Amino acid sequence: MKQNIVILGSTGQVGWAITKELDSFFQVITMNRENTPFERRNVLKANIRDILYTETPSHIVNAAAFTNVDGSEENKELAFLINAFALQDIVDEINLYNLTKKRKTSLIHFSTDYVFDGESIEENFPTDKTNPINVYGRSKALGETIIKKSGVPYLILRTSWVISPFRKNFLKTMVKKIMKGLPIEVVDDQYGAPTSAKYIASFINHYLRNEKFSAIGGLHHICGLGNTTWFDFAKFILDNLKNKKPELVKEKIDIKPIKTSSLKLAAKRPKNSKLNCDSLSTIFEFEQIDWQTQVLNTLNTMITEEHLD
Ligand SMILES: NC(=O)c1ccc[n+]([C@@H]2O[C@H](COP(=O)([O-])OP(=O)(O)OC[C@H]3O[C@@H](n4cnc5c(N)ncnc54)[C@H](OP(=O)(O)O)[C@@H]3O)[C@@H](O)[C@H]2O)c1
């Protein structure tokens, strides 16, 4: 019999990719903002309780989050509610349920490179001290703490610069600007690595299908192998779009490097948010993929499945 896996935030980049990836191997039950809005805590609690007892899932995957980094500065309460306090409700319900069960339900959750201040010149390791410099990062760091302290078996995966053929992300924004021939300015002083939602989903599938891995849990990092800046990432997108679909690229399009300080963004950004992901291979025997391949694969899907709008 297939294991039941519940996915919260199934309409997001990561939630959607996981839902698709797990579909053939597990009984996937999706929940979304419409039926389970995190800000309505009584509804959230009741729905989590209900799904635990009716579906007896082995894992609940939480891919829901308030992901608007600048918007979090203005909507601090909402960011903390969705990225942190709602998690208390979820773990409380799982704990109550687990009290009477031999096989415990575990929680898989996603966090962010923005829990770090980005001042280190080295990669950020899962064991490094967090020191978020914006509201989004602080709300996500508190979410991690709530889960870690809860006693619920968990896997927390911090990721960075997520891309997918759907929704809003840097890859999609760049492709649209390139196709419209708009002037493009991109910061060249923030370092990190793009990560495709599909890559995250394939790790979750690998993790769930091998009991020796899913019994491990803990806090780990997942992002593309290698390191880049947003500026070099943008140039990579332009070069490859030119290569694959020259007819889509307006002539003389150029990308200008700028500094983060010139953007006057509401939220501060960490300078170096590169995550060290060694544990993916050393602990979970998962084959890591470089960020360029992940971007190319996502771009190919956007082109072949016509998701360029
Ligand atoms: N995107 C990135 O670059 C990035 C980087 C590092 C870490 N992460 C983390 O990775 C995870 C997945 O991110 P993502 O890129 O897939 O995010 P996303 O595309 O913005 O999706 C967020 C999901 O959360 C749902 N959601 C938002 N507010 C909600 C609410 N009040 N109640 C219930 N559901 C709500 C959204 O529903 P709707 O479809 O209705 O909006 C959507 O399903 C998050 O934990 C995020 O913090 C993302």
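Everything that follows concerns the structure shown earlier in this document.
The notes below deal with the structure included here. Keep in mind the model is a prediction, meaning the values are calculated, not measured. (Residues numbered from 1 in each chain as written. Predicted model: local features only at pLDDT ≥ 70, side-chain atom pairs only at ≥ 80, totals over all residues. Heavy atoms only, no water.)

### Some points on the side chain of S150
By secondary structure assignment, the location of S150 is in helix α5 (residues 135–150). Of the polar contacts made by the side chain of S150, one reaches the backbone oxygen of I147; its length is 2.7 Å. One polar contact links the side chain of S150 to the main-chain amide nitrogen of V152, over a distance of 3.0 Å. If near-sequence neighbours (up to four positions away) are discounted, S150 is found in contact with V91 and N95. (Helix = DSSP H or I, 4+ residues; strand = E, 2+ residues; numbered from the N terminus. Polar contact = N/O pair within 3.5 Å; in protein donor to acceptor, adjacent residues only side chain to side chain. Contact = heavy atoms within 4.5 Å.)

### Quick word on the nonpolar core
With 35 residues, the main nonpolar core has I18, L22, F110, F203 and I204 as its most contacted residues. Elements with a contribution of two residues or more to this core: β1 (4–8), α1 (13–22), β4 (106–112), β5 (154–159) and α7 (197–209). Counting residues per element, this core draws most heavily on α7, which supplies 8 residues. Beyond its immediate sequence surroundings of up to four residues, I18 is in contact with I7, V61, F110, A201 and I204. Of all hydrophobic cores here, the second largest spans 29 residues; its members include M31, L52, V135 and V152. (Core = buried A, V, L, I, M, F, W, Y, C linked by side-chain atoms within 4.5 Å. Buried < 20%, exposed > 50% of the residue type's maximum accessible area, 1.4 Å probe, protein only.)

### Section: the packing of helix α6 (residues 170–180) against helix α11 (residues 291–304)
Where α6 contacts α11, the two axes come as close as 11 Å, and the packing angle between them is 55°. On the basis of the axis angle, α6 is oblique to α11. Here the hand of the crossing between α6 and α11 comes out right-handed. Here L171, K172 and V175 of α6 come into contact with α11, specifically with V295, T298, L299 and M302. (Axes fitted to C-alpha atoms, helices over the stretch in contact; angles between N-to-C directions. Parallel < 35°, antiparallel > 145°, perpendicular 65-115°, else oblique. Left-handed = near helix turned anticlockwise from the far one by under 90°.)

### A few points about the site of the ligand
In the region of the ligand, 26 residues are neighbours, and T11, E39, T67, Y136 and K140 sit closest. Between the ligand and R33, the relevant distance is 2.8 Å, taken from an oxygen atom to a side-chain nitrogen or oxygen of the residue. At 3.1 Å from an oxygen atom of the ligand is found a main-chain nitrogen or oxygen belonging to A65. Taking 900 Å² as the accessible area of the ligand by itself, protein coverage stands at 88%. Among the elements of the structure, α1, β4 and α5 are those that each provide at least two residues to the shell around the ligand. It is β4 that provides the largest number of residues to the shell around the ligand, a total of 3 residues. (Near = heavy atom within 4 Å. Areas by Shrake-Rupley, 256 points an atom, 1.4 Å probe, with all protein chains shown as cover.)

### Some points on the pairing of β1
Counting buried positions along β1 yields 5 of 5 residues, so the element is predominantly enclosed. The side-chain alternation of β1 yields two buried faces, one formed by N4, V6 and L8 and the other by I5 and I7. Relative to strand β2 (residues 27–31), β1 runs parallel, the two sharing 5 bridges. By the bridge assignment for β2, I5 is matched with V28. What joins β1 to β2 is α1, and the crossover it makes is right-handed. As paired elements, β1 and strand β3 (residues 59–62) share 4 bridges and run parallel to each other. In the sheet register, L8 faces β3, and the bridge partner there is N62. (Pairing = 2+ DSSP bridges. Right-handed = clockwise from strand over helix to strand, strands pointing away.)

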